[in-house]
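So the chains spell out like this:
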Amino acid sequence: MTSDALALSPDVIAVRTGVETVVWVPCSGALHLLDAVGTAVVELCDGRRTVDAVVAELARASGSPAWRVRKEASRLLQELRRAAVLVPIVT
Amino acid sequence: MTRSVLGPYAGLRWHFFVECDSDVLSAEVGRTLAPLACSDTSGSSSYVIEAPSQGSEGRLLLDGRLLYKTRKEALLFARLLWHINLSTVSASQEYVLLHAAAAERHGRAVVLSAPMEAGKTTLVAGLVRAGLGYLTDETTAVDPSSGFIVPYPKALSIDPGSWTVLADLKPAVQSGAEHLAAAQWQVPAADIRDGAVSTTRSRPRVIVVPRYVAGARTSLESLTPGEALLAVLQQTFNLDRNRARDMHALAGVLEHCACYRLTSGQLSEAVDALLEVLPS
């Protein structure tokens, strides 16, 4: 069963440098640069937090209401899934 | 026909000799490879160049295996140099290998990381002319355990687009060998300036992503550590083979570097801009 939690794919290599993260995805050969927000999102996706929990945590950290954060966070999470950086957790 | 045996030479961990049956080719090979001369003969491979003659193609062999054949001597010479660079990278996987030029001052290196045709060789020639020690124009090897650069001081390979701005570096090839320098100049750093080849242990301190744009004003913009790491990784040889090691090693190196994107259409301005940011 697939949960609503996401985690960094075990196949990628991520290196944090300052507030940014560079991610290499071997299956595609793609290199991605995540800014501070992208870095925070990836670090929150620990395989246990649901998408709602990630959004709530981002909202709390930014001081913005969750509804405002949700759209951008959802877009970013989708992008990272499509790029095979994040993968769903199967329970 | 007698063969000259040239060497031994070393490109990082690639050790080799070159045998050649043409006096003209031998002279130019010897002149070009002189910066790679070494004393270590262990584990050396052997290139053989059989020059083209009337009715027969010339051949390039490595340890008895045919690499290339052609009726054009200049192409044999070019293929030899290309294969040396390829083998240097292939044999030296213990290092983090960047497609980058590098020069140093007092052990602090500026690394010019960019794809082909971005002006790396021209820029490093300008820096050497300005007094910096030459490390390489092609492959910057970083020891991942120490962070020091291991020099690969091959002759600078200068393309026709830079012959005007580097006219003073036109190589003095032997009479009869002009065709070997018709498509590209091979210029040992010692021909730019006495003592130009660096003998100082150096670490990267400035990372530059250069871009030549004809007529452009020179601009140097700071890169974030992430932007610099991304740019350098895109120019890392064999990243898919050495993955985590190279990424973490480079991230560690960049922690101690100032990183810039350089856009310029004027060599002297570009050199001045880099000399200002290189720590003294």
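Higher on the page you've got the structure.
Note that the structure is predicted; figures quoted are calculated from it, not measured.

Caption draft 1: How the structure looks around the side chain of Ser22(B). Residues and elements named next belong to chain B. By secondary structure assignment, the location of Ser22 is in the loop between strand E2 (14-20) and helix H1 (23-33). Relative accessible area serves as the criterion here: at 11%, Ser22 is assigned to the buried category. Aside from chain neighbours lying at most four places away, what touches Ser22 is Ala51 and Glu73.

Caption draft 2: Main features of the pairing of strand E2 (residues 13-17) of chain A. Burial along E2(A) is one-sided: the face carrying Ile13(A), Val15(A) and Thr17(A) is buried and the face carrying Ala14(A) and Arg16(A) is not. Between the end of E2(A) and the start of strand E3 (residues 20-25) of chain A, which pair antiparallel, lie 2 residues, with Gly18(A) showing a positive phi angle near 65°.

Caption draft 3: Layout of the interface of chain A and chain B. The interface of chain A with chain B comprises 11 residues on the first partner and 15 residues on the second. On inspection of chain A and its partner chain B, the count reaches 2 residue pairs in polar contact (both at pLDDT 80 or more). When residues of the side of chain A that touches chain B are traced back to their parent elements, those giving at least two are E2, E3 and strand E4 (30-34) of chain A. Here the element with the most residues in the side of chain A that touches chain B is E2(A); it accounts for 4 residues. Across the side of chain A that touches chain B, the residue classes break down as 8 nonpolar, 2 polar and 1 charged.

Caption draft 4: Region of interest: helix H5 (residues 239-254) of chain B. Residue and element names in this part refer to chain B. Counted at 1.5 Å a residue, the expected span for H5 with its 16 residues is 22 Å, but the 17 Å between its end C-alpha atoms falls short. Residue Arg245 marks the point of greatest curvature in H5, where the axis turns by about 55°. Every buried residue of H5 is accounted for by Leu239, Asn242, Asp246, Met247, Ala249, Leu250, Ala251, Val253 and Leu254.

Caption draft 5: Just the nonpolar core, in detail. Counting 59 residues, the largest nonpolar core has Phe16(B), Val18(B), Leu33(B), Tyr47(B), Ile49(B), Val110(B) and Leu112(B) as its most contacted members. Looking at this core element by element, the count peaks at 6 residues for helix H2 (residues 73-91) of chain B. Setting aside its immediate chain neighbours within four residues, Val18(B) contacts Ser4(B), Val5(B), Leu6(B), Tyr9(B), Val29(B), Leu33(B), Tyr47(B), Ile49(B) and Leu80(B). Membership of the second largest hydrophobic core comes to 32 residues, among which are Val22(A), Leu31(A), Val111(B) and Leu239(B).

Caption draft 6: The state of the cysteines, seen in detail. The tally for this structure, following the rule as stated, stands at 0 disulfides over all chains. Note on Cys27(A): no disulfide assigned, nearest cysteine sulfur contributed by Cys45(A) at a separation of 18 Å. A relative accessible area of 69% places Cys27(A) in the exposed class. Cys257(B) takes part in no disulfide bond, and the closest cysteine sulfur, belonging to Cys259(B), lies 5.7 Å away.

Caption draft 7: Region of the structure containing the sheet that holds E4(A). Residue and element names in this part refer to chain A. Across the sheet, which stays open at both edges, the 3 strands sit in the order E2-E3-E4 with antiparallel pairing between neighbours. One side of each edge strand has no neighbouring strand; the edge strands of this open sheet are E2 and E4. Here the strands of the sheet are splayed against their neighbours by 15° on average, with no regard to which way each runs. With 5 bridges connecting them, E3 and E4 associate as antiparallel partners. For Val23, the partnering residue across the bridge sits in E4 and is His32. Helix H1 (residues 36-44) contacts E2, E3 and E4 of the sheet and is inclined by roughly 105° relative to E4.

Caption draft 8: Local environment of H1(B). Those residues of H1(B) that sit buried are Leu25(B), Ser26(B), Glu28(B), Val29(B), Arg31(B), Thr32(B) and Leu33(B). Buried positions along H1(B) lie against strand E1 (4-11), E2, strand E3 (45-50), H2 and strand E12 (185-187) of chain B.

Caption draft 9: Quick peek at the pattern of salt bridges. Residue and element names in this part refer to chain A. Under the defined criterion, the tally for this structure stands at 16 salt bridges over all chains. Linking Glu57 and Arg60 is a salt bridge whose minimum nitrogen-to-oxygen distance equals 2.5 Å. In this pair, Glu57 and Arg60 both sit in helix H2 (residues 51-62), 3 residues apart, roughly one turn of the helix.

Caption draft 10: The arrangement of the pairing of E2(B) in detail. Residue and element names in this part refer to chain B. With 5 of 7 residues buried, E2 lies mostly within the body of the structure. Pairing of E1 with E2, which is carried by 6 bridges, proceeds in the antiparallel orientation. Its bridge partner lying in E2, Ser4 is registered against Cys20. Between E1 and E2, which pair antiparallel one after the other, the connecting turn spans 2 residues, and Leu12 there sits at a positive phi close to 50°.

Caption draft 11: Highlighting the packing of helix H4 (residues 225-233) of chain B against H5(B). All names here are of chain B. At their nearest, the axes of H4 and H5 sit 10 Å apart, and the two run at 145° to each other. Of the two possible hands of crossing, H4 and H5 adopt the one that is right-handed. Contacts from Pro225, Ala228, Leu229, Val232 and Leu233 in H4 reach Leu239, Met247, Leu250, Ala251 and Leu254 in H5. The class makeup of the residues in the contact of H4 with H5 is 10 nonpolar, no polar and no charged.

Reading guide: rules and limits
- Residues numbered from 1 in each chain as written.
- Chains lettered and ligands numbered in written order.
- Predicted model: local features only at pLDDT ≥ 70, side-chain atom pairs only at ≥ 80, totals over all residues.
- Heavy atoms only, no water.
- Helix = DSSP H or I, 4+ residues; strand = E, 2+ residues; numbered from the N terminus.
- Buried < 20%, exposed > 50% of the residue type's maximum accessible area, 1.4 Å probe, protein only.
- Contact = heavy atoms within 4.5 Å.
- Pairing = 2+ DSSP bridges.
- Polar contact = N/O pair within 3.5 Å; in protein donor to acceptor, adjacent residues only side chain to side chain.
- Nonpolar A, V, L, I, M, F, W, Y, C, P; charged D, E, K, R; others polar.
- Expected span 1.5 Å × (residues − 1).
- Bend = angle between axes of the 7 residues up to and from the residue.
- Core = buried A, V, L, I, M, F, W, Y, C linked by side-chain atoms within 4.5 Å.
- Disulfide = S-S within 2.5 Å.
- Axes fitted to C-alpha atoms, helices over the stretch in contact; angles between N-to-C directions.
- Salt bridge = Lys/Arg side-chain N within 4 Å of Asp/Glu carboxyl O.
- Left-handed = near helix turned anticlockwise from the far one by under 90°.

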